[in-house]
Amino acid sequence: EDKVVQSPLSLVVHEGDTVTLNCSYEVTNFRSLLWYKQEKKAPTFLFMLTSSGIEKKSGRLSSILDKKELSSILNITATQTGDSAIYLCADTNFGNEKLTFGTGTRLTIIP
Amino acid sequence: NAGVMQNPRHLVRRRGQEARLRCSPMKGHSHVYWYRQLPEEGLKFMVYLQKENIIDESGMPKERFSAEFPKEGPSILRIQQVVRGDSAAYFCASSPPATYEQYFGPGTRLTVT
């Protein structure tokens, strides 16, 4: 069965700092890894990484997939209070469509 | 383009009652997924549907839970004879065919009293 582990479980930093969130996965027949941001409502899609697209960037956020280490990182530079949220990663495999989520990293940005 | 819509946003049911949760996917999306988030836990897959078909229900409890996605209208997640342990946030997601990016709705928070 798929397993997704995120670290750290929680992180508190000051505004302006750079943070790196980690996600490791164990899955048979890996297809993709996705990152979401969850505030008090719906998880918001951030990135999807696949074997053919291992690096994505959008503004201050970027993500890299390490296929050899079966892991991914999410970087946020120049953090702002609006970045405070739970960041979720999930994987999928060929053969089914479901997302298997980690328990998330709770990020708190102090002004 | 409206996002994934779910209603109601909050639902309170007494033990033994039925809960019906609705999800309208984004325009152009034909794949619907339901996930459950228990307090202090991660999102867990329940069921994946396409129009008029259940594709994968491996995450659905065997009893009391059912889902449908009719030809017309929203997808429905139905929970019969609710118990306190059913209290959770239920999220619906949708995706267009041939991609695997799932976009989530705002969720329905079910409270069983």
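Here, every reference points to the structure presented above.
Attention in this report is confined to the structure presented alongside it. Keep in mind the model is a prediction, meaning the values are calculated, not measured.

**A word on the packing of aromatic side chains**
- What the rule picks out here adds up to eleven aromatic pairs over all chains.
- Consider the rings of Tyr-36 of chain A and Phe-104 of chain B, whose centres lie 5.3 Å apart with planes at 90 degrees: the pair is edge-to-face. Taken as a pair, Tyr-36 of chain A in strand E4 (residues 30-38) and Phe-104 of chain B in strand E10 (residues 103-104) lie in two separate chains rather than in one. Phe-104 of chain B carries the same exposure label as Tyr-36 of chain A, and that label is buried.
- Pairing Phe-45 of chain A with Tyr-103 of chain B gives two aromatic rings, centres 5.4 Å apart and planes at 55 degrees, and the pair type is tilted. Residue Phe-45 of chain A is located in strand E5 (residues 43-50), and its partner Tyr-103 of chain B is located in strand E10; the two belong to separate chains.
- For Phe-45 of chain A, a relative accessible area of 18% puts it in the buried group.
- Residue Tyr-103 of chain B is classed as partly exposed on the basis of its relative accessible area of 27%.

**Side note on the environment of Trp-35 of chain A**
Residue and element names in this part refer to chain A.
- Along the chain, Trp-35 falls in strand E4.
- Counting along the chain gives 52 residues from Trp-35 to Tyr-87, while the straight-line C-alpha distance between them is 7.1 Å.
- A distance of 3.0 Å separates the side chain of Trp-35 from the side chain of Ser-72, its partner in a polar contact.

**Description of the environment of Ser-30 of chain B**
Residues and elements named next belong to chain B.
- Looking at where Ser-30 falls in the secondary structure, it is placed in the loop between strand E3 (19-24) and strand E4 (31-37).
- Spatially, the C-alpha atoms of Ser-30 and Ser-95 are 6.7 Å apart, while their sequence positions differ by 65 residues.
- Sequence-distant contacts of Ser-30, defined by excluding residues within four places in its chain, comprise Leu-49, Gln-50, Lys-51, Phe-69, Ser-95, Pro-96 and Pro-97.

**Structural notes on the pairing of strand E6 (residues 53-56) of chain B**
Residue and element names in this part refer to chain B.
- Relative to E6, strand E5 (residues 43-50) is paired through three bridges, and the arrangement is antiparallel. Counterpart to Tyr-48 in the pairing with E6 is Asp-56.
- Where E5 folds back on E6, the antiparallel hairpin that results is connected by two residues, among which Glu-52 adopts a positive phi of roughly 65 degrees.

**So, the sheet that holds strand E7 (residues 65-68) of chain B**
Residue and element names in this part refer to chain B.
- An order of E1-E3-E8-E7 is seen for the four strands of this open sheet, with the pairing classed as antiparallel. Strand pairing shows two members of the sheet lacking a second neighbour, strand E1 (5-7) and E7, which therefore form its edges. Adjacent strand axes in the sheet meet at a mean angle of 15 degrees, parallel and antiparallel pairs treated alike.
- The sheet contact formed by E3 and strand E8 (residues 75-79) spans five bridges and is antiparallel. Its bridge partner being in E8, Arg-22 is matched across the sheet by Ile-76.

**Let's talk about the sheet that holds strand E3 (residues 19-26) of chain A**
Residues and elements named next belong to chain A.
- Spatially, E1-E3-E8-E7-E6 is the arrangement adopted by the five strands of the open sheet, whose pairing is antiparallel. Only two strands of the sheet have a single neighbouring strand rather than two, namely strand E1 (3-7) and strand E6 (55-58). This sheet shows a mean twist of 15 degrees between the axes of neighbouring strands, independent of strand direction.
- When E3 meets strand E8 (residues 71-76), the two strands line up antiparallel, connected through six bridges. What sits directly across from Ser-24, in E8, is Ser-71.

Quick notes on the rules
Residues numbered from 1 in each chain as written. Chains lettered and ligands numbered in written order. Predicted model: local features only at pLDDT ≥ 70, side-chain atom pairs only at ≥ 80, totals over all residues. Heavy atoms only, no water. Phe/Tyr/Trp six-rings, centres within 6.5 Å; stacked < 30°, edge-to-face > 60°. Helix = DSSP H or I, 4+ residues; strand = E, 2+ residues; numbered from the N terminus. Buried < 20%, exposed > 50% of the residue type's maximum accessible area, 1.4 Å probe, protein only. Polar contact = N/O pair within 3.5 Å; in protein donor to acceptor, adjacent residues only side chain to side chain. Contact = heavy atoms within 4.5 Å. Pairing = 2+ DSSP bridges. Axes fitted to C-alpha atoms, helices over the stretch in contact; angles between N-to-C directions.

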